[in-house]
Amino acid sequence: SGASALEARVEALNAATGRRIFGKSYSVSAAEARRLAHVVADEIVQAATGRPGFASSRLAVIGRRGTAKELFVCDSDGANLLQVTRDNSISLYPRWSPDRARIVYTSYIKRFPDVLMIELATGARTRIAGYPGLNAGGALSPDGRAAALVLSRDGNPDIYVKRLADGALSRITNTARAAESSPSWSPDGRQLVFVSDVSGRPQLYVVGRDGGAPRRITLRGSENVAPDWGPNGKIAHASRVGAVYQLAITDPATGETTPLALDGADWEDPSWARNGRHLAAVRRDTRGSAVYLVDSMGDPPIPLLTEGDWFSPAWSP
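Residues numbered from 1 in each chain as written. Predicted model: local features only at pLDDT ≥ 70, side-chain atom pairs only at ≥ 80, totals over all residues. Heavy atoms only, no water.

Engineer: Could you give me a rundown of the packing of aromatic side chains, with the residues and numbers involved?
Structural biologist: This model, assessed by the stated rule, comprises four aromatic pairs. Ring geometry for phenylalanine 54 and tryptophan 315: centres 5.3 Å apart, planes at 70°, overall edge-to-face. Of the two residues, phenylalanine 54 sits in the loop between helix 1 (33-49) and strand 3 (58-65) while tryptophan 315 sits in strand 26 (residues 310-315), which places them 261 residues apart along the sequence. Judged by its relative accessible area of 14%, phenylalanine 54 falls in the buried class. (Phe/Tyr/Trp six-rings, centres within 6.5 Å; stacked < 30°, edge-to-face > 60°. Helix = DSSP H or I, 4+ residues; strand = E, 2+ residues; numbered from the N terminus. Buried < 20%, exposed > 50% of the residue type's maximum accessible area, 1.4 Å probe, protein only.)

Engineer: How would you summarise unusual backbone geometry if you had to cite specific residues and measurements?
Structural biologist: Even without a glycine there, the phi angle at asparagine 88 is positive, about 50°. Topologically, asparagine 88 is positioned in the loop between strand 5 (82-83) and strand 6 (91-96). For alanine 226, which is not a glycine, the phi torsion comes out positive at approximately 55°. Within the fold, alanine 226 resides in strand 18 (residues 223-229).

Engineer: Go over the pairing of strand 19 (residues 235-241), please, and point to the residues and values.
Structural biologist: A large share of strand 19 lies buried, amounting to five of its seven residues. Looking at chain direction, strand 18 and strand 19 are connected through five bridges and run antiparallel. The partner of aspartate 228 across the bridge, within strand 19, is alanine 236. Connecting the antiparallel pair strand 19 and strand 20 (residues 244-250) is a turn made up of two residues, with glycine 242 showing a positive phi of about 70°. (Pairing = 2+ DSSP bridges.)

Engineer: Outline the pattern of salt bridges, supporting the account with residue identities and numerical values.
Structural biologist: On inspection of all chains with the given rule, the structure shows 16 salt bridges. For arginine 127, the salt bridge identified is with aspartate 114, shortest N-O distance 3.6 Å. With arginine 127 in strand 9 (residues 125-129) and aspartate 114 in strand 8 (residues 114-119), this residue pair connects regions lying 13 residues apart in the sequence. Judged by relative accessible area, which is 9%, aspartate 114 ranks as buried. Across the salt bridge formed by aspartate 299 and arginine 277, the nearest N and O atoms sit 3.7 Å from each other. On the criterion of sequence distance, the pair formed by aspartate 299 in the loop between strand 24 (288-295) and strand 25 (302-305) and arginine 277 in the loop between strand 22 (266-272) and strand 23 (278-285) is long-range, its members being 22 residues apart. Residue aspartate 299 is classed as partly exposed on the basis of its relative accessible area of 46%. (Salt bridge = Lys/Arg side-chain N within 4 Å of Asp/Glu carboxyl O.)

Next up, the structure:
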């Protein structure tokens, strides 16, 4: 390879049989060497397991800067941290577009919460929701054509779906004496999971894309919040057990909940990686909030962002 170019041939063998399971040549600029390493890792994982890797994915995350909370993005290992917003305001709850080109998030830049969408390449922003009252919870559907929102425009906070092409708004929940929050789409875009305190404490419910009667799916834990519906069909969330939140995974089809055995700190805001095995999540203790990579199969958590205070990680598709 020269000073400005990198050529590589990568092969992977089955350790047991010696059979080649992957072989490919690459030619990229030297500046792209790190990105190439992540792409190769994902392609080897795909060839060996039949499931996508996540090394070339990115994380959107909220970082505290003084009294402000700004939007950042970084590589899957926490490197190449890039500050996206410099609003000296509060940004919350980032979610990626399916094409990874945009991020939807809640912003207090105009003092009251709006849902904005920012183009990462240009920094151009579009306001998706700026109705009177609360605007939050923006999550783009898997096809990128609609956004699930939490709006209080008609009373207390409910779940709505907004069609982006023409702005048509559909009200999905209608609970007169309860509040809904944190919508997340099913992988096929036909359902939403969300949080509601209609039972008195926050619990997870599933509802159809076009509305209908919500179905409660969590029974374990006094509170269940921050759901993320993963590509494996399972919903990761934070579950309050005693005085702390711990991570848990619930099967929406059966209602079976599996807690993840971690330490005694608060664990919050899980987000599934695209391999359906790993999560990014926040570990919070008296020293602050850090983002960790969590293996749902039980390997020890790996720190990704620990210097400073970090919140609401979200994996790109």
